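Listed below, chain by chain, are the residues.
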Amino acid sequence: MSLELKDERVRKVPLLSKLLSRPELGAIAGTILVFVFFAITAGSSGLFSAKGVINFLEVSAQLGILATAVSLLMIAGEFDLSVGSMIGFAGVIIAIPPIMWGWPVWASVLLAFAACAAVGYFNGVMVVRTGLPSFIVTLGSLFMLRGLTLGVTRGITGRTQASGLHEFSDKDWITPLFAGQLFRAPIQWLSDIGLIEKRADGMPAISGIPVSIIWWIGLTLFCTWLLTRTRFGNWIFAAGGEPNAARNMGVPVARTKIYLFVFTALAAALFATIQVLVTGSADTLRGNQKEFEAIIAVVIGGNLLTGGYGSAIGAMFGALIFGVVQMGIFYTGIDTDWFKLFMGATMVIAVLFNSYVRMRAMRSR
Amino acid sequence: MEQPLVELKSVSKYFGSVIALKDVSFDVRAGEVHCLLGDNGAGKSTLIKTLAGAHVPDEGQILVGGQATRFASPKDTLDKGIATVYQDLALVPLMSVARNFFLGREPLKKFGLINQFDVEFANQTAFQQLSDMGIQLRDPEQPVGTLSGGERQCLAIARAIYFGAKVLILDEPTSALGVHQASIVLKLIVQSKARGIGVIFISHNVHHAYVVGDRFTLLKRGKSVGTYAKDDITRDQLLNLMAGGKELIDLEQEVAKLKNRKLQ
């Protein structure tokens, strides 16, 4: 089976129709549109200065970490509405033990990941065993986790927040993994040759690339590889596309879904770890509505709500749009009250566009 | 006479008080198409499921290659080379042809320490296998949803053959298809036969069955009416047997009566 055979017998598909069949096309087009829009309206405001770029990338990165995992789960045909509460839950697990009982921070981070994995496993098993829609099961988890977090936190600390973690985390070896900055030297160099602006005191405007951005890109690449180049990826698509057919062909649909619930929960724990170690505090209300923001990013990214179709790259662009718009509105000086209106409308338009593109792709080939 | 690939010997199957199959014998040899005909409720589904290993017969024997066998599960049956293509085809419309072709049996390639899904091999093999069957794909990565009904049926059959099926059980493969689409599938059945595969073709469409069939077994109310070689029976005789000539005549009389009543 040589390459010649492939050339000879596989008709070349026109580039445009090949592009149109990619799920992330809409999100890429949307990203360009959003960039052009803010380049015109906020071009001089500093949104596209080094500092502004890092600002919106950081917002995108945190949401994107969540969105990539949520996109895999959605492709497998399930939702997880509990990720928002899971962030608050994981946050207090990380913050309280070091502050109250002197645990090392790495131990409480590990505990948070383990606890979230357990909750994710519980969600997955409930959905798979009972056959209830994941919407209902994880809606239950959403409220249960929030209530549990609130009750336990107030019971232990007497308040709903835990602050002052920096004191403990700054010397812990685990902190640079989640809250550090990378590429300080190249940034300094870029600043020296004048590509990155300097602050008044002569230091570069940004000191490095936040690790969260690396996590985001790394996770997206990993998920893309998982989806397109592994057996498990094939099972994810099949589990969401036609679970019965998948089962008949011997695909372990239930196991695939449970793994993805656990993976989503771990992404929520990663989100919380980054947030708590960067800010040095935890709040029981953290992560509120993140489940919806993640779904918006994933859907803007071209993932089909009913499962079976989508990509992690799309979710990455969805999160990027989210970050750019959120920071862009701030930089242009438009009242940020309008942000949610804009995001909601963007999602609806994205879904309309995506379903049109998919219809076209299915027909024209 | 050549030994059958798979044989049911006076098999009976009961569901509580219902007699689904009574004393039915059925077999298929290499390189023949054996059609199983019957109306709804005749016991076709029960017979297929027994052959596919989903039901264990209450009486009688299943022989594979002359050996008495008990199928532990549908998977076990598949491992013995008996593949069933059900009406839902077990295809995922949003996934590519190649990915569907290898669904659940993905080819792997070492990538460092990790086993990767071998996309190139999957694409080339699926394309090659289908084109050998006379199905020209535009692109192995096109979604199954873009294929016609007949092409989908062929994909499911080609997949079963590629994974080593010696006996193919096709459950109503042409019933939901138009004339042209059905003819694609019928051609593929003949091709499978030419490859030495034993095909069990379940249908209630005598016209389709008669074109490709070598032998015909009729089921009626859980019992076998008989097995006929193609030389021994004409299409009309088969039709009559199947529809039950008497029933048709009764029906005609009743319809006539109804018409008369309306006129009065």
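Going along each chain's sequence as written, the residues are numbered from 1 onward. The lettering of chains begins at A and the numbering of ligands begins at 1, in the order of writing. Reporting in this predicted model follows two pLDDT cut-offs: at least 70 for local features of residues, and 80 or more for side-chain atom pairs to be given and counted; totals over whole chains, interfaces and linings ignore these cut-offs and use all residues.

1. A few points about the overall build of chain B
Formally: In this description a helix means any DSSP run of H or I spanning at least four residues, a strand means any run of E spanning at least two, and both kinds are numbered starting from the N terminus. Each residue is represented by a C-beta atom placed from its backbone, and any two residues with such atoms within 7 Å are regarded as in contact.
Counting its regular elements, chain B contains nine helices and 12 strands. Projecting the C-alpha coordinates of chain B onto the three principal axes gives extents of approximately 80 × 50 × 35 Å. Summarising the internal contacts of chain B: among those between residues at least 6 apart in sequence, 68% fall at separations of at least 24.

2. Section: the sheet that holds strand β10 (residues 198-203) of chain B
Residue and element names in this part refer to chain B. We apply this condition: Here the rule is simple: two strands pair whenever DSSP picks up at least two bridges between them. To get an axis, a line is fitted to the C-alpha atoms, and for a helix only the part in contact is used. The angle between two axes follows their N-to-C directions and goes from 0 to 180 degrees.
Ordered by their spatial adjacency, six strands build an open sheet running β6-β9-β10-β3-β11-β12, and the pairing between neighbours is mixed. Taken across any chain shown, the strands that pair with only one partner, and hence form the sheet edges, are β6 (82-85) and β12 (223-229). For this sheet the average axis-to-axis angle between neighbouring strands, irrespective of direction, equals 15 degrees. Of the pairings in the sheet, the one linking strand β11 (residues 215-220) to β12 comprises six bridges and is antiparallel in character. Its bridge partner lying in β12, lysine 220 is registered against lysine 223.

3. Focus: the nonpolar core
Proteins that are soluble and globular tend to have nonpolar side chains buried together. Test applied: In this description, a nonpolar core means buried residues of the types Ala, Val, Leu, Ile, Met, Phe, Trp, Tyr and Cys, linked to one another by C-beta atoms lying within 7 Å. With C-beta atoms placed from the backbone, a residue is buried if 20 or more other C-beta atoms are within 10 Å of its own, exposed if 12 or fewer are, and partly exposed between those counts. Start and end points for every domain follow an automatic or database-based domain assignment.
Formed by 179 residues in total, the largest nonpolar core has its most connected members in Ala268 of chain A together with Leu168 of chain B. Take this core: its biggest share by element is 17 residues, from helix α14 (residues 253-279) of chain A. No fewer than three residues from each of domain 1 (6-94 + 147-233) and domain 2 (99-142) of chain B sit in this core. Each residue touching alanine 268 of chain A, except ones within four places of it in the same chain, is listed here: Leu66, Val83, Met86, Ile87, Ala90 and Cys116 of chain A.

4. Thoughts on helix α15 (residues 290-300) of chain A
One turn of an α-helix holds 3.6 residues; hence residues three or four places apart share an orientation. All names here are of chain A. Of all 11 residues making up α15, 10 are buried, and the element is well covered by its neighbours. Considered for burial, the residues of α15 that qualify are Lys290, Glu291, Glu293, Ala294, Ile295, Ile296, Ala297, Val298, Val299 and Ile300. Just downstream of α15, glycine 302 is the residue with a positive phi angle, here 90 degrees.

5. Re the confidence of the model for chain B
Residues and elements named next belong to chain B. The test is simple: pLDDT is a residue-level measure of predictor confidence that goes from 0 to 100.
Per-residue pLDDT for chain B has a mean of 87; in total, 98% of the residues score no lower than 70. Across chain B, helix α3 (residues 97-101) holds the top mean pLDDT of 93, while helix α9 (residues 245-263) sits lowest at 80. Scored as a whole, the predicted complex attains pTM 0.86, and scored at its interfaces, ipTM 0.82.

6. Regarding the domain arrangement of chain B
All names here are of chain B. Cut-off, in case you're wondering: Think of it as three bins: nonpolar holds Ala, Val, Leu, Ile, Met, Phe, Trp, Tyr, Cys and Pro, charged holds Asp, Glu, Lys and Arg, and polar takes everything else, Gly as well.
Structurally, chain B comprises domain 1 (6-94 + 147-233) and domain 2 (99-142). Here the C-alpha centroids of domain 1 and domain 2 sit 27 Å apart. The partner domain 2 presents nine residues to the 12 residues of domain 1 that form the contact. The set of elements that each furnish at least two residues to the side of domain 1 that touches domain 2 consists of α5 (149-162) and α6 (179-194). It is α5 that provides the largest number of residues to the side of domain 1 that touches domain 2, a total of six residues. Considering only residue class, the side of domain 1 that touches domain 2 consists of eight nonpolar, one polar and three charged.

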